[in-house]
Amino acid sequence: MVDKFHPDKPRASSAGGLDRDQRSSMLISVADETGALEQVLSEFTRQRINLTQIESRPSVDGRFDIYVNCALTPESKQWQSLIAALAANGHEVHVLEDSWVAWFPRHISDLDDVANRTLDAGTDLSADHPGFQDAPYRQRRAEIDAAARAYRFGDALPNVEYNPDEQRVWASIYLELRGRQERFACSRYLACVQEMERADVLGAHRPPQFQVVSDYLRERTGFQLRPVAGLLSSRDFLSGLAFRVFFATQYIRHVSRPMYTPEPDVCHELIGHAPMFADHDFANLSQEIGLASLGASDADIERLARCYWFSAEFGVLNEAGQRRAYGAGLLSSFGELEYACDGDWLPPEDEPRSPPVFLPFEPDRSADQPYPITDYQDVYFEAASLQQASERMRRFCRNLARPFYARLDDNTQRIWVDRAVRRIQH
Ligand SMILES: [Fe+2]
């Protein structure tokens, strides 16, 4: 699920090719003496140049290296004049090359370029899919997928009129899951889902429209839904989280097997995931993973995807000695929720299975843990609280080797980076 990225082979592309930020970097080598740093900084002040990043460290030759990034292009007169002034003051100046990183969306509207790069489409059903032989079901999925593919940033979210069969599927799943969740979901999930039910955003009586759920979440934590037609690569999916955007499917599983779905459907997205996005700590945890994924190497994308899997999909909390789920994969599962969270769980006689292993949620460890996609997990990661999980994730992300630091400017919905990067289109 990880796309290819060759940092040593920049490639142009028809979708915009290479781009660069309005940033330039230099290394200034100064004598290791009092006042040297101030003298360098005063030159920036004199020329009214904004620094976006500064680091300093002793160099091997007994001097001091000051690494700076500023909001100028290398072609600008100001940049040239700065270099000349620093050199005239006796400093050694080395202009640094930009860092090349995998392409990533810089503005929330750039997610339009990501959303349709699905690895499969909602209509590509395999022969063992419950709806494979059902032509009207496939036609229905094709309509819902087409609406997701046509969606562009700023449009109203597609409205899906669910038919009576689909409404029955939703109602039976909703009631069945909610009963189990009352016993095994974490308290934050229960508080969020109950509030959504009181606000009539969620309920068994009908699958809610994305617009309604999205508006509700935006008001609480700034998270929003965006329709998608199928599975995205880990890189593309995680990039949405950086903007507090959750890519979600709107189609519903086949009526013949309401308790089973081979892929995420609207029940998984809205019953499993949506309530947790109303929680601030969970929203922060998710965005943290998303921001760390921007421009990350393929290997780090894989590690971040595992962290996402073991938290947002299959994470558990220890609440007063009881294991309680906050991951959507568990919260929307009919058997695995008990398997992971019921301390008295015993395997059915006809299906022997060992109990799972629980480890403390340490992203360093979770990042290297392989996982099954089509079976129960053998290992779950448990956190003391969502705040703890979020803080540990933040620390892990800060330690990833990446040539820049990124954050989202909430006002402009743009990703701010602290130094010059060139994005390689893939
Ligand atoms: Fe999911």
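Residues numbered from 1 in each chain as written. Predicted model: local features only at pLDDT ≥ 70, side-chain atom pairs only at ≥ 80, totals over all residues. Heavy atoms only, no water.

**Side note on the sheet that holds strand 2 (residues 24–31)**
Test applied: If DSSP finds at least two bridges between two strands, the strands pair. The helix count covers DSSP runs of H or I at least four residues long, the strand count covers runs of E at least two residues long, and both are numbered beginning at the N terminus. Every axis corresponds to a line fitted to the C-alpha atoms, with the helix fit spanning only the stretch in contact, and the corresponding angles, defined between N-to-C directions, vary from 0 to 180 degrees. In this analysis, two residues are considered to be in contact whenever any of their non-hydrogen atoms come within 4.5 Å of each other.
Here we have four strands laid out as an open sheet, ordered 3-4-2-5, and antiparallel in their pairing. Two strands in the sheet have a free side with no partner beyond their single neighbour: strand 3 (51–58) and strand 5 (92–96). Strand after strand, the sheet turns through a mean of 20° between neighbouring axes, direction not considered. Relative to strand 4 (residues 63–70), strand 3 is paired through seven bridges, and the arrangement is antiparallel. By the bridge assignment for strand 4, serine 56 is matched with isoleucine 66. Lying on the sheet, helix 2 (residues 77–88) is in contact with strand 2, strand 4 and strand 5; it crosses strand 2 at an angle near 10°.

**Side note on the confidence of the model for the protein chain**
Selection criterion: Summary of the metric used: pLDDT quantifies the predictor's per-residue confidence within the range 0 to 100.
The predicted model of the protein chain has a mean per-residue pLDDT of 88, with 93% of residues at 70 or higher. A low-confidence stretch, residues 1–18 stays under pLDDT 50, and its non-local contacts, those more than four residues away or across chains, total 42 contacts.

**Thoughts on helix 9 (residues 266–273)**
To be explicit about the condition: Exposed residues in this analysis have more than 50% of their type's maximum accessible area, buried residues have under 20%, and partly exposed residues fall in between, with area computed by a 1.4 Å probe over protein chains only.
With eight of its eight residues buried, helix 9 lies for the most part within the structure. Of the residues making up helix 9, those classed as buried are Val266, Cys267, His268, Glu269, Leu270, Ile271, Gly272 and His273.

**With respect to the packing of helix 8 (residues 234–242) against helix 10 (residues 280–293)**
Put simply, the test is: Geometric relationships in this document are graded by angle, where less than 35 degrees denotes roughly parallel, more than 145 denotes roughly antiparallel, 65 to 115 denotes roughly perpendicular, and other angles denote oblique. Each crossing gets its hand from how the near helix is turned against the far one by less than a right angle, where anticlockwise is left-handed and clockwise is right-handed.
At a minimum axis distance of 7 Å, the contact between helix 8 and helix 10 shows a crossing angle of 120°. Relative to helix 10, the element helix 8 lies oblique. Here helix 8 runs over helix 10; the crossing is left-handed. Contact residues: Arg235, Leu238, Ser239, Leu241 and Ala242 in helix 8; Ser286, Gln287, Ile289, Gly290, Leu291 and Ser293 in helix 10.

**A closer look at the coordination of the iron ion**
Convention followed: Nitrogen, oxygen and sulfur within 2.8 Å of a metal are treated as its donors, or within 3.2 Å for sodium, potassium and calcium (Na, K, Ca); water is not counted, so a site can appear incomplete.
Coordination sphere of the iron ion, protein contribution only: His268 (NE2), His273 (NE2) and Glu313 (OE), at 2.0 to 2.2 Å. Mapping the donors of the iron ion onto the primary sequence gives the spacing H-x4-H-x39-E. According to the relative accessible area criterion, histidine 273 is buried, its value standing at 2%.

**Topic: the layout of surface pockets**
Leftover empty space is mapped by rolling, across the atoms, a probe with the size of a water molecule. Where we set the bar: Cavities and pockets were defined on a 1 Å grid built over protein atoms only: a cavity is a set of grid points that admits a 1.4 Å probe from which the probe cannot escape, a pocket is an open set flanked by protein on both sides within 12 Å along at least five of seven lines, and lining residues are those with an atom within 4 Å of any such point. Grid points are joined across faces, edges and corners, and a volume is the space filled by probe spheres set on the points. Residue polarity is assigned by list, with Asp, Glu, Lys and Arg as charged and Ala, Val, Leu, Ile, Met, Phe, Trp, Tyr, Cys and Pro as nonpolar; anything else, Gly included, falls into the polar class.
Its boundaries defined by the atoms lining it, the second largest pocket holds a volume of some 320 Å³. Elements supplying a minimum of two residues to the lining of the second largest pocket: helix 10, helix 15 (386–398) and strand 13 (406–409). The residue makeup of the lining of the second largest pocket, split by class, is seven nonpolar, no polar and six charged.

**What about empty space enclosed by the protein?**
Considering all chains together, one arrives at two cavities of 30 Å³ or more under this definition. Estimated volume of the largest cavity: approximately 50 Å³. The wall of the largest cavity is formed by twelve residues, among which Trp103, Phe104, Pro105, Arg235 and Ser239 lie closest to the centre. A total of three residues in the lining of the largest cavity trace back to one element, the largest contributor, which is helix 8.

**Notes on the pattern of salt bridges**
To be explicit about the condition: Note on definitions: salt bridges are taken to be side-chain nitrogens of Lys or Arg within 4 Å of carboxyl oxygens of Asp or Glu.
The full count for this structure, using the stated rule, is 24 salt bridges. Its salt-bridge partner being glutamate 166, residue arginine 140 comes within 2.9 Å of it at the nearest N-O pair. Linking arginine 140 in helix 4 (residues 135–150) with glutamate 166 in helix 5 (residues 164–184), this pair joins segments that are 26 residues apart in sequence. Between aspartate 265 and arginine 253 there is a salt bridge whose closest N-O contact spans 2.7 Å. Here aspartate 265 is found in the loop between strand 8 (245–248) and helix 9, whereas its partner arginine 253 is found in the loop between strand 8 and helix 9, with twelve residues between them in sequence. Comparing aspartate 265 with arginine 253, the two get one shared label, buried. Linked through salt bridges whose partners overlap, the residues forming this network are Arg140, Glu143 and Glu166.

**Overview of the packing of aromatic side chains**
The test is simple: Any two of the Phe, Tyr and Trp rings considered here, Trp counted by its six-membered ring, make a pair once their centres fall within 6.5 Å; the pair's planes then place it as stacked at under 30 degrees, edge-to-face at over 60, or tilted in between.
Taken as a whole and judged by the stated rule, the model has 16 aromatic pairs. Seen in terms of ring centroids, tryptophan 309 and tyrosine 371 are 4.1 Å apart; in terms of plane orientation they differ by 15°. Their pairing is stacked. With a gap of 62 residues between them, tryptophan 309 in helix 11 (residues 298–313) and tyrosine 371 in the loop between helix 14 (363–366) and strand 12 (379–383) connect regions that are remote in the sequence. Tryptophan 309 sits in the buried class, given a relative accessible area of 14%. By relative accessible area, which is 24% here, tyrosine 371 ends up partly exposed. For the pair tyrosine 339 and tryptophan 345, a centre-to-centre distance of 4.7 Å together with 80° between the ring planes defines the contact as edge-to-face. The class for tyrosine 339 is buried, based on a relative accessible area of 4%. Classification of tryptophan 345 by relative accessible area gives buried; the value is 17%. Cluster of aromatic residues (ring-pair linked, three or more members): Phe223, Phe237, Phe246, Phe277, Phe282, Tyr308 and Tyr326.

**Overview of the packing of helix 5 against helix 9**
The geometry of helix 5 relative to helix 9 is characterised by a closest axis approach of 11 Å and an angle of 35° between their N-to-C directions. For the pair helix 5 and helix 9, the crossing hand works out as right-handed. Mapping the contact onto sequence places Trp170, Ile173, Tyr174, Leu177 and Gln181 in helix 5 and Val266, Cys267, Leu270 and Ile271 in helix 9. Among the residues making up the contact of helix 5 with helix 9, the classes are represented as eight nonpolar, one polar and no charged.

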